[in-house]
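So the chains spell out like this:
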Amino acid sequence: MLDSTDHKLLALLNENSRRTNASLAEELGIAQSTCLARLNALRDHGVIRRFTIEVEPASVGHALEALISVRIRPGARHLMAEFSAMIRALPGVAQVFFLGGDEDFLIHVGLKDSQEVRQFVLDHLSANPAVANTRTSLVFENSRGEVPWV
C-alpha cells in the first residue's frame, strides 16, 4: 500500500523523471537514502514500470494520430496474443489496448498522413484473416492528465 510520501514521489517524477535523488529527497523532506530506497521499492514492486520520454509526434514525422478499433473474428480468438504482439511491433504504433466490450483492441498510431493511416489499416488489419472489422477515428488533440493515477 502506498503512503502519501510515495504518492508525492510519483507526482514529482511524473512532472520530471530526470530529477536527481537529492532534489526529490529535499522536496519530500526525507533523507536521500530513504528516497532512493522508496524509489527502488516502487520499481521492484512494479508501481513504476519504466522511465521514458514524451516526444511530440509531429516533430518525428507522425503528424496524424488515429485510434483504430479492431474486432477479432469469433473463430480467431485464439490468435489474440499473436495479433497483439504483431501490432505492437509495427512502426507508428504508439499504444495497443486489449479491451473488454464491443471491440477487442484499440490501436493508437502516429503516421505521416491520412494515406499512411489508410495503408496501415489495409496492410495490417483488413488483410489479416483474424480481423472481423475496424473503425478508425482521427485524433485532433492528445493530452495527458496532469497527474495520472498518482
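Per chain, residue numbering runs from 1 following the sequence as it is written. At least 70 in pLDDT is required for a residue's local features to be given in this predicted model, at least 80 for side-chain atom pairs to be given and counted, and no such filter applies to totals for whole chains, interfaces and linings, which use all residues. The side-chain figures draw on all heavy atoms in the structure; neither hydrogens nor water molecules are used.

Caption draft 1: Region of interest: the sheet that holds strand β4 (residues 131–139). At least two DSSP bridges between two strands are required for those strands to pair. Only runs of H or I of at least four residues qualify as helices and only runs of E of at least two qualify as strands under DSSP, and these elements are numbered from the N terminus. Strand order in the open sheet formed by 4 strands is β2-β3-β1-β4, and the pairing between neighbours is antiparallel. Each of the sheet's edge strands pairs with one partner strand only, and the pair in question is β2 (93–98) and β4. The average angle at which neighbouring strand axes cross in this sheet is 20 degrees, direction not considered. Direction of pairing for strand β1 (residues 64–72) relative to β4: antiparallel, over a ladder of 8 bridges. When the sheet's bridge partners are listed, Val-70 is paired in β4 with Thr-134. Here helix α4 (residues 80–88) sits on the sheet in contact with β1, β2, β3 (105–111) and β4, set at roughly 165 degrees to β2. What makes two residues a contact is simply this: any of their non-hydrogen atoms within 4.5 Å. The axes are straight lines fitted to the C-alpha atoms, using for helices just the contacting stretch, and the angles between their N-to-C directions are given from 0 to 180°. The sheet strands contacting helix α5 (residues 114–126) are β1, β2, β3 and β4, and the helix crosses β1 at an angle near 20 degrees.

Caption draft 2: Region of interest: the environment of Ala-11. Along the chain, the position of Ala-11 falls in helix α1 (residues 4–15). The cut-offs for exposure are 20% and 50% of the maximum accessible area for each residue type, with area from a 1.4 Å probe on protein chains only; residues under the lower value are buried, those over the upper are exposed, and the others partly exposed. Judged by its relative accessible area of 17%, Ala-11 falls in the buried class. The sequence separation of Ala-11 and Pro-57 amounts to 46 residues, and the corresponding C-alpha distance is 24 Å.

Caption draft 3: Region of the structure containing the pattern of salt bridges. By salt bridge we mean one thing: a side-chain nitrogen of Lys or Arg within 4 Å of a carboxyl oxygen of Asp or Glu. Under the definition given, this model contains 5 salt bridges. For Asp-6, the salt bridge goes to Arg-38, with nearest N and O atoms at 2.8 Å. On the criterion of sequence distance, the pair formed by Asp-6 in helix α1 and Arg-38 in helix α3 (residues 32–44) is long-range, its members being 32 residues apart. Under the relative-accessibility criterion, Arg-38 is labelled partly exposed at 23%. A salt bridge links Arg-77 to Asp-104; the shortest N-O distance between them is 2.7 Å. Placement of the pair is Arg-77 in the loop between β1 and α4 and Asp-104 in the loop between β2 and β3, with a sequence separation of 27 residues. On the basis of relative accessible area, Arg-77 is assigned to the partly exposed category, the value being 39%. A cluster of three or more residues bridged by salt bridges with shared partners is formed by Asp-3, Asp-6 and Arg-38.

Caption draft 4: Spotlight on the domain arrangement of the protein chain. When its domains are assigned, the protein chain resolves into domain 1 (4–45) and domain 2 (57–139). For the domains described, the bounds stem from an automatic or database domain assignment. Here the C-alpha centre of domain 2 lies 36 Å away from the C-alpha centre of domain 1.

Caption draft 5: Broad picture of helix α2 (residues 21–28). When we look at burial in α2, the residues that qualify are Leu-24, Ala-25 and Leu-28. Projected down its long axis, α2 carries its buried residues within an arc of 95 degrees, all on one side. The elements touched by buried residues of α2 are α1 and α3. Once α2 finishes, Gly-29 follows within two positions and takes phi at roughly 75 degrees, a positive value. Picture the helix axis, draw a direction to every C-beta atom, and the arc is the one those directions span.

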